[in-house]
Amino acid sequence: MNYFQRFLIKPGSKVQLSDIDPDFRNGHESKKDALKIIERNNLRLRELQELLYAEHKRSLLICLQAIDTGGKDGTISHVLGAMNPQGCRVASFRQPTSLERDHDFLWRAHRDVPAKGEVTIFNRSHYEDVLVVRIHNLAPKATWLKHYNQINDFEKNLSENNTHIIKFFLHISKDEQLRRFKERLDDPTKHWKISATDYTDRTRWDDYITAFDDMLSECSTKHAPWFVIPANYKWFRDLAISQIMVEYLEALHMKCPPPSVNIEQIRKKYHSAKKKA
Ligand code: ADP
C-alpha cells in the first residue's frame, strides 16, 4: 500500500487517535535508512514544485496541526525546506489580531491561500477555530460547531478553484511530549520555545485528543484529506510526509508548459556556429 492510502483518513470515517500508534515506523528500523529515502524524496519534491511553478495553473496548500512539541517546526524545516523558496512560503496562525477578530474566522486563512504556481504551508491553521477555541471556551459551542461545515465549504471552494489541499496531523504520545519538554529545558538554545501554557495545557491532553478526533472525523474530505502521521520518531514523520507529498504531486501528472517563442528560430539565429572569415 502506498503512503498516501496508508495514512489517509478516509472521508466519513470516525477517527480515534488512541487506535493509531504514534511509534509506527512501517518496518523501517533506522534513521540512517530513512535519511536516504527522505533525501531522494526531497530531490523529487523540488522537481515537482518547479513544475507546479512553471505550469502556473494550480496551487498547493499544506496544513500542519499538532499538539505542542508535535514537530510542526521540524517538519517545515526538514521536509518542506527542500522546496525552492521562490514560490513557497509559510503562514503561521497565532492568536487573532484585533483586525482579524473583526472578520469571520476564515478571513485570515483565505488571505494567505497560495496563488497559482505557489505552495503555502499553514503552520497551525483555520483548524485552531475547532481546537483551541473549543478547548478554552473562546466561543460558544453553537459557534464552533458550525465551523466544521464552514471549513469544509471553504476548502471545497478552494479546491474547485485549483488549490490542492493536503492536511497533516502529527501524532505524538503524551510521554513523548514530556520527553520533548524536558529536552527543551535541558538545552538553553531552546529555552525561548518554552511557554507558560505548555505544562498547564498538558492537563487538557484528553480534551485536545477529543477535539483532534472530531476535527479529523468531520473534515477529512475527498478534496482536502487529512493524514495522521505517526510522529514519535521524527525521521519517520519526515519520511512519511515527504513520501505522501511526492505521491500526491506525481499523481497530478503536471507538464512543463509549451514555449512561448519559436525555439528552433532562436537556436538558428543566435546559436548556429558561424565560420570565421
Ligand atoms: P507555535 O506554538 O505554533 O510554535 P506560538 O507559540 O506563536 O506558535 O503559538 C501560537 C498560539 O496561538 C497557540 O497557542 C495557538 O493555539 C494560538 N492560536 C492560534 N489560532 C488561534 C485562534 N483562532 N484563537 C485563539 N488562539 C489561537
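Conventions and cut-offs
Residues numbered from 1 in each chain as written. Predicted model: local features only at pLDDT ≥ 70, side-chain atom pairs only at ≥ 80, totals over all residues. Heavy atoms only, no water. Helix = DSSP H or I, 4+ residues; strand = E, 2+ residues; numbered from the N terminus. Expected span 1.5 Å × (residues − 1). Buried < 20%, exposed > 50% of the residue type's maximum accessible area, 1.4 Å probe, protein only. Arc of directions from axis to C-beta. Contact = heavy atoms within 4.5 Å. Phe/Tyr/Trp six-rings, centres within 6.5 Å; stacked < 30°, edge-to-face > 60°. Pairing = 2+ DSSP bridges. Axes fitted to C-alpha atoms, helices over the stretch in contact; angles between N-to-C directions.

(A) Structural context of helix 8 (residues 174-186). With 13 residues, helix 8 extends 19 Å between its outermost C-alpha atoms, agreeing within 8% with the 18 Å of an ideal straight helix rising 1.5 Å per residue. Taken together, the buried positions of helix 8 are E176, Q177, R180, F181 and R184. All buried residues of helix 8 fall inside an arc of 140 degrees around its axis, so they share one side. Looking at helix 8, the residues exposed on the side facing more than 90 degrees away from the buried face are D175 and D186. Residues of helix 8 that are buried make contact with helix 9 (197-202), helix 10 (205-219) and helix 11 (234-250).

(B) Representation of the packing of aromatic side chains in the model. Applying the stated criterion to the full structure yields 15 aromatic pairs. Taken together, a centroid distance of 6.1 Å and an interplanar angle of 90 degrees make the contact between F24 and F236 edge-to-face. Of this pair, F24 sits in the loop between helix 1 (3-7) and helix 2 (31-55) while F236 sits in helix 11, and the two are 212 residues apart along the sequence. Here the aromatic rings of Y127 and W226 are separated by 4.9 Å at their centres, their planes lie at 65 degrees, and the arrangement is edge-to-face.

(C) Main features of the sheet that holds strand 5 (residues 226-230). The 5 strands are arranged 2-3-1-4-5 in an open sheet whose pairing can be described as parallel. On the outer flanks of this sheet lie strand 2 (88-92) and strand 5, each paired with one strand and no other. Averaged over all pairs of adjacent strands, the angle between strand axes in this sheet comes to 20 degrees, irrespective of strand direction.

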